[in-house]
Amino acid sequence: MIQEHEPEATRRTAGTSESSRANRGWWDRNADEYQQEHGGFLGDDRFVWGPEGLDEAEAALLGPAAELKDRDVLEIGAGAAQCSRWLAAQGARPVALDLSHRQLQHALRIGSPFPVVEADAGALPFPDGTFDLACSAYGAVPFVSDPIRVMREVRRVLRPGGCWVFSVTHPVRWAFPDEPGPEGLSVAASYFDRTPYVEQDENGRAVYVEHHRTLGDRVRDVVAGGFRLVDLVEPEWPAWNSQEWGGWSPLRGNLIPGTAIFICERD
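Residues numbered from 1 in each chain as written. Predicted model: local features only at pLDDT ≥ 70, side-chain atom pairs only at ≥ 80, totals over all residues. Heavy atoms only, no water.

J.: Please set out the pattern of salt bridges residue by residue, giving values where relevant.
T.: Inspection of the entire model under this criterion finds 17 salt bridges. For R24, the salt bridge identified is with E118, shortest N-O distance 3.3 Å. Highlighted residues: R24 in helix α1 (residues 16-42) and E118 in strand β4 (residues 116-118), separated in sequence by 94 residues. Residue classification places R24 among the partly exposed residues on the basis of a relative accessible area of 30%. Where R93 meets D70, a salt bridge forms, and the shortest distance between an N and an O atom there is 3.7 Å. Highlighted residues: R93 in strand β3 (residues 93-98) and D70 in the loop between α2 (56-59) and β2 (72-76), separated in sequence by 23 residues. (Salt bridge = Lys/Arg side-chain N within 4 Å of Asp/Glu carboxyl O. Helix = DSSP H or I, 4+ residues; strand = E, 2+ residues; numbered from the N terminus. Buried < 20%, exposed > 50% of the residue type's maximum accessible area, 1.4 Å probe, protein only.)

J.: Before we move on, could you go through the sheet that holds strand β8 (residues 206-210) and cite the residues and values that matter?
T.: Taken together, the 3 strands give an open sheet; going across it, the order is β1-β7-β8, and neighbouring strands pair in antiparallel fashion. The sheet terminates laterally at β1 (8-11) and β8, the two strands that pair on one side only. Neighbour to neighbour, the strand axes of the sheet diverge by 20° on average, direction disregarded. Two strands pair when backbone bridges link them, and β1 and strand β7 (residues 197-200) are joined in this way by 4 bridges, in the antiparallel orientation. Across the sheet, R11 pairs through a bridge with Y197, a residue of β7. Strands in contact with α1 are β7 and β8; relative to β8, the strand with the most contacts, it is inclined by about 105°. (Pairing = 2+ DSSP bridges. Axes fitted to C-alpha atoms, helices over the stretch in contact; angles between N-to-C directions. Contact = heavy atoms within 4.5 Å.)

J.: Can you tell me about empty space enclosed by the protein, naming the residues and giving the values?
T.: Tallying each qualifying case throughout the model produces 1 cavity of 30 Å³ or more. In this model, the largest cavity occupies a volume close to 40 Å³. Around the largest cavity sit E52, R173, W237, G247, W248, S249, R252, G253, I256, P257 and G258, which together line it. (1 Å grid on protein atoms, 1.4 Å probe; cavity = no way out; pocket = protein on both sides within 12 Å on 5 of 7 lines; lining within 4 Å. Points joined across faces, edges and corners; volume = space filled by probe spheres on them.)

J.: Account for the sheet that holds strand β5 (residues 131-137), naming residues and giving values.
T.: In any sheet, the strands associate via hydrogen bonds between backbone groups, in a parallel or an antiparallel arrangement. Strand order in the open sheet formed by 7 strands is β4-β3-β2-β5-β6-β10-β9, with mixed pairing between adjacent strands. Of all the strands in the sheet, the pair left with one neighbour each is β4 and β9 (227-233). For this sheet the average axis-to-axis angle between neighbouring strands, irrespective of direction, equals 20°. As paired strands, β2 and β3 are joined by 5 bridges and run parallel to one another.

J.: Give a detailed account of the side chain of S249, specifying residues and quantitative values.
T.: For S249, the position within the fold is in the loop between β9 and α7 (250-253). Residue S249 is classed as buried on the basis of its relative accessible area, which comes to 1%. Of the polar contacts made by the side chain of S249, one reaches the backbone oxygen of P180; its length is 2.7 Å. The contact partners of S249, leaving out residues within four places of it in the chain, are P180, W237, Q243 and E244. (Polar contact = N/O pair within 3.5 Å; in protein donor to acceptor, adjacent residues only side chain to side chain.)

J.: Go over the pairing of β2, please, and point to the residues and values.
T.: Counting buried residues along β2, 5 of its 5 residues qualify, which places the element largely inside the surrounding structure. Of the two faces of β2, the one carrying D72, L74 and I76 and the one carrying V73 and E75 are both buried. A crossover connection joins β2 to the parallel β3 through helix α3 (residues 82-89); in handedness this β-α-β unit is right-handed. In the sheet, β2 pairs with β5 via 3 bridges, with the strands oriented parallel. Note that in β5 the partner of V73 across the bridge is L133. (Right-handed = clockwise from strand over helix to strand, strands pointing away.)

J.: Talk me through the side chain of Q35; I want residue IDs and the actual numbers.
T.: Within the secondary structure, Q35 is located in helix α1. There is a polar contact of 3.2 Å between the side chain of Q35 and the side chain of Q82. Setting aside chain neighbours within four positions, we find Q35 in contact with A80, Q82, Q103 and H106.

J.: Explain the packing of α1 against helix α4 (residues 101-110) residue by residue, including any values.
T.: Across the interface, α1 lies against α4 with an axial gap of 7 Å and an inter-helix angle of 35°. On α4, the residues that touch W27, D28, A31, D32, Y34 and Q35 of α1 are H101, R102, Q103 and H106. Looking at side-chain class alone, the contact of α1 with α4 contains 3 nonpolar, 4 polar and 3 charged residues. (Nonpolar A, V, L, I, M, F, W, Y, C, P; charged D, E, K, R; others polar.)

See below:
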């Protein structure tokens, strides 16, 4: 019996191409398990910003739902396109983009009466000024080594005055172990250590990469990408949500922020 190698978790540098290749492969391999484990929480046609369960139907971070009608919207890192499906139900014209072929197969399985596009967020395959809005719920931004490149690409495909809203792991969480219980409440690493988190195989080849930025870094990335930061939302953990999701949990969520949502405008 062949023993499958367990990836080694480490902190080391990982550039653009390595990060892209590793994360495309990881999501292709794990899409089925991810959708099986989290599909019930995400729903088929809900727009959820993160593990806390903040719902766009209530939060209206993209603006009033009634004003989404006939808007061209790009969802980046769409996964199974749950958010795009919700947008379409409001009368918007979404396009769901993801790096992972397998994730987009799940989008087609559930049903997608809108285009799905397999592409890298750092090289968006659309003409300038194609969209009114762009959004991303934990898609792309945490996994790229050059977030400013993504910001500039998003700005390019937005029309003047367009809105760009994206959620990421809250930078504060990087200082704590990725554990939902009490062991995840003690600081274990420097908040200022930007060294990427990498899982690698026995040959040292990255199979998963996530990039840490401080809160200030994220703000500067937004500005360098040509946007104006309008708001920064840090969702509190709601009383109704009793589930654990990785390092997210009610215990930790009531003490430290787990998600940061950036609301940006293109001048």
